[in-house]
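Listed here are the chains, written in short residue letters.
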Amino acid sequence: MRNRYDVIIAGARCAGASTAMLLARQGLRVLVVDPMRRGSDTLSTHALMRGAVLQLHRWGVLDAIRSAGTPTIRTTTFHYGDEAIEVAIKERDGVDGLYAPRRTVIDLVLLDAAEDAGAEVALGCSVTDLVRSDDGRVCGVRVAGVDRNEIDVAADIVIGADGLRSIGAAVGAIPTNDGDTCVFASLPPARFENNRKKGLEALYRDILNDVSPMLAERVAASTISGKLRGFPGVPGFLRRAAGPGWALVGDAAYFKDPLTAHGITDALRDAELLARAVAAGGDEALARYQSTRDELVKGLFDVTDRI
């Protein structure tokens, strides 16, 4: 492992491996780090849509997917009760069908292609932390080897491709009443749970230091005026909002992660919609409340879920 790379990528599965391949083909010095074993499996639906198959074709790796025994899917059948609708997958743009390779296949094909392009791959190693310059810019990573010894490796850019358990985090500051500021630190649930033994305040200050040393200094020089609160996160949900003689509003009706900071805004909007429906009277008015609510929340709900 060199002391410095143009790019370091945490995660060697399909997203990280393909990114590494494309960058290495452009001549960049790339390091990919992942604790996984080469060719290991992972949870996946396996399905590739036409766009993904077209990319594999353009990248010159689709033949390797086929050679691994991945069957070509040329029809899709949708069953609705007793009715079956068959849709042919037409050949277009060099794509003769769809594929659903095992992750033991596609991840490995892309990783091999990345190495063939010149990327260096360190499997069995883990990115344990980010390294920052004095001005807070990310300038590398701390890597733990198989022997658990850690070293710092510099890079012009660090890319996280380590999936749901990414160590990524974010912080922010929102002015509120009485001259106070709500300063938040958000991180993936797994990192939150794994570090709770540190204590909430220590974890909070760690995330602030990781993401924004400047903000961390301002917080350290300030007085916390209220109780520090932790929220481990819960899955979002969208419930039926109305029925015969009943309705739901606010978080009772639908909940999304607080990261969008839209909870109160949506609650007030829906309160007015519901109040109008109740004032109008009748089940039809409540049904309109539900349909309007659904139309208004779906876009932001989906975006929040993806983020």
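One structure accompanies this document, and this report is about it. In this text, all values refer to a predicted model and were calculated from it rather than measured experimentally.

Rules behind the numbers
Residues numbered from 1 in each chain as written. Predicted model: local features only at pLDDT ≥ 70, side-chain atom pairs only at ≥ 80, totals over all residues. Heavy atoms only, no water. Salt bridge = Lys/Arg side-chain N within 4 Å of Asp/Glu carboxyl O. Helix = DSSP H or I, 4+ residues; strand = E, 2+ residues; numbered from the N terminus. Buried < 20%, exposed > 50% of the residue type's maximum accessible area, 1.4 Å probe, protein only. Phe/Tyr/Trp six-rings, centres within 6.5 Å; stacked < 30°, edge-to-face > 60°. Lys NZ or Arg CZ within 6 Å of the ring centre and 35° of its normal. Pairing = 2+ DSSP bridges. Axes fitted to C-alpha atoms, helices over the stretch in contact; angles between N-to-C directions. Parallel < 35°, antiparallel > 145°, perpendicular 65-115°, else oblique. Left-handed = near helix turned anticlockwise from the far one by under 90°. Contact = heavy atoms within 4.5 Å. Core = buried A, V, L, I, M, F, W, Y, C linked by side-chain atoms within 4.5 Å.

1. Things to note about the pattern of salt bridges
Then comes step 1: Within this structure, the stated rule accounts for 21 salt bridges.
Then comes step 2: Note that D156 and R4 form a salt bridge whose closest N and O atoms lie 2.6 Å from each other. Separated by 152 residues along the polypeptide, D156 in strand β8 (residues 150-160) and R4 in strand β1 (residues 4-10) bring together distant segments of the chain.
Then comes step 3: Exposure remark for D156: the relative accessible area of 40% places this residue in the partly exposed category.
Then comes step 4: Looking at R4, the relative accessible area reads 39%, which means it is partly exposed.
Then comes step 5: Here D63 and R66 are joined by a salt bridge, their closest N and O atoms 2.7 Å apart. You can see D63 and its partner R66 sitting in helix α3 (residues 62-67), 3 residues apart, about one turn around the helix.
Then comes step 6: Take D63: its relative accessible area is 51%, and that puts it in the exposed class.
Then comes step 7: The class for R66 is partly exposed, based on a relative accessible area of 27%.
Then comes step 8: Through salt bridges with shared partners, a single network forms among D63, R66, R74 and D96.

2. As for the packing of aromatic side chains
Then comes step 1: What the rule picks out here adds up to 3 aromatic pairs.
Then comes step 2: Ring geometry for Y254 and F301: centres 6.2 Å apart, planes at 50°, overall tilted. Taken together, the positions of Y254 in strand β14 (residues 254-255) and F301 in helix α9 (residues 283-306) put the pair 47 residues apart, joining distant regions of the chain.
Then comes step 3: For F301, a relative accessible area of 15% puts it in the buried group.
Then comes step 4: Site record: aromatic cluster; members linked through ring pairs are F231, F237 and F255.
Then comes step 5: Cation over ring: R239 sits above F237, and NZ or CZ is 4.1 Å from the ring centre.

3. Some thoughts on the pairing of strand β6 (residues 126-132)
Sheet faces and side chains relate simply in a regular strand, where the side chains alternate between the two faces.
Then comes step 1: Two strands pair when backbone bridges link them, and β6 and strand β7 (residues 138-144) are joined in this way by 6 bridges, in the antiparallel orientation. In the sheet register, V127 faces β7, and the bridge partner there is V143.
Then comes step 2: The hairpin formed by β6 and β7 contains 5 residues between the paired strands, and G136 there has a positive phi angle of roughly 95°.

4. Considerations on the packing of helix α8 (residues 263-280) against α9
Then comes step 1: Packing of α8 against α9 leaves a shortest axis separation of 8 Å and a crossing angle of 165°. In terms of orientation, α8 and α9 fall into the roughly antiparallel class. Considering only the axes of α8 and α9, their crossing is right-handed. Across from D266, R269, D270, L273, L274, A277, V278 and A280 in α8, the residues of α9 making contact are A285, L286, Y289, T292, R293, L296, V297 and L300.

5. With respect to the nonpolar core
Then comes step 1: Among the nonpolar cores identified, the biggest contains 30 residues, and A20, V30, V53, L56, V61, I65 and L110 are the most heavily contacted of them.
Then comes step 2: When contributions to this core are tallied by element, the ones reaching two or more residues are β1, α1 (14-25), β2 (30-34), α2 (50-59), α3 and α4 (103-116).
Then comes step 3: Ranked by residue count, the leading element in this core is α4, at 7 residues.
Then comes step 4: In contact with V30, not counting residues within four places along its chain, are Y5, V7, I9, A20, L23, A24, A119 and E120.
Then comes step 5: With 12 residues, the next largest nonpolar core counts V33, A122, V127 and A155 among its residues.

6. Focus on the environment of R37
Then comes step 1: In this structure, R37 sits in the loop between β2 and α2.
Then comes step 2: Along the sequence, R37 and V146 sit 109 residues apart, while their C-alpha atoms lie 11 Å from each other.

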